[in-house]
Amino acid sequence: MVRISELARAAGVGISTVRFYERRGLVVPTARTHGGYRHYDREALKRLKFIRRAARLGFTLTEVEQILTASTTPDVGDVITGKVAEIEQRMRDLDRVRLALLDVAENGVQAQCPVVAALSD
């Protein structure tokens, strides 16, 4: 069991972030002391780390909430399928940009910049 300050430090977030996630129901303190201090378990730390990683990967907080909810039920739902499709599209776009950048590095800029052309499709 750790206090909120220790949890925040371990997860690399601020105390206000932990409280925000607590208000949203994403992180729940395991117990409170008589003085009102929040205590959290390892699961809370795992959840905070998941939330941070998901955010870095482009998941919205609403999507994170839906994934965490879906992870406790057998039906993962359309959220996961939709996010997979979005990620696959982003990967295709990034690959086009990567190829365009390699083209510029090899051949220089032609009549139309290949990066602009790749992103205009």
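Residues numbered from 1 in each chain as written. Predicted model: local features only at pLDDT ≥ 70, side-chain atom pairs only at ≥ 80, totals over all residues. Heavy atoms only, no water.

The name recorded for the chain in an unreviewed UniProt entry is DNA-binding transcriptional regulator, MerR family, from Lentzea waywayandensis.

(A) Summary view of the pattern of salt bridges. As enumerated under the stated definition, the model contains seven salt bridges in all. Between Arg38 and Glu22 there is a salt bridge, with its nearest N and O atoms 2.7 Å apart. With Arg38 in strand E3 (residues 38-40) and Glu22 in helix H2 (residues 15-23), the pair connects residues that are 16 residues apart, well separated along the chain. Put simply, Lys46 and Glu43 hold a salt bridge, and the shortest N to O gap is 3.9 Å. Taken together, the positions of Lys46 and Glu43, both in helix H3 (residues 42-56) and three residues apart, correspond to about one turn of that helix. We classify Glu43 as partly exposed; its relative accessible area is 40%. Through salt bridges with shared partners, a single ionic network connects Glu22, Arg32 and Arg38. (Salt bridge = Lys/Arg side-chain N within 4 Å of Asp/Glu carboxyl O. Helix = DSSP H or I, 4+ residues; strand = E, 2+ residues; numbered from the N terminus. Buried < 20%, exposed > 50% of the residue type's maximum accessible area, 1.4 Å probe, protein only.)

(B) Spatial organisation of the domain arrangement of the chain. By the assigned domains, the chain splits into domain 1 (4-69) and domain 2 (75-119). Between the C-alpha centres of domain 1 and domain 2 the distance comes to 33 Å. At the junction of the two partners, domain 1 supplies six residues and domain 2 supplies six residues. In this assembly, domain 1 packs against domain 2 so that about 460 Å² is buried in total across both faces, 65% of it on carbon and sulfur atoms. Between domain 1 and domain 2 we count zero salt bridges in total. Each residue belonging to the side of domain 1 that touches domain 2 can be placed in one class, and the counts come to three nonpolar, two polar and one charged. (Domains from an automatic or database assignment. Contact = heavy atoms within 4.5 Å. Buried area = accessible area lost by both parts, 1.4 Å probe. Nonpolar A, V, L, I, M, F, W, Y, C, P; charged D, E, K, R; others polar.)

(C) Structural context of the packing of helix H1 (residues 4-11) against H2. One can describe the packing of H1 onto H2 by two numbers: an axis separation of 8 Å at closest approach and a directional angle of 100 degrees. As judged from the angle between their axes, H1 and H2 are roughly perpendicular. Seen from H1, the contacting residues are Ile4, Ser5, Leu7 and Ala8; seen from H2, they are Ile15, Val18 and Arg19. (Axes fitted to C-alpha atoms, helices over the stretch in contact; angles between N-to-C directions. Parallel < 35°, antiparallel > 145°, perpendicular 65-115°, else oblique.)

(D) Structural detail: helix H4 (residues 61-70). For H4, the set of buried residues is Glu63, Val64, Glu65, Ile67, Leu68 and Ala70. The inward-facing, buried residues of H4 abut H3 and helix H5 (78-107).

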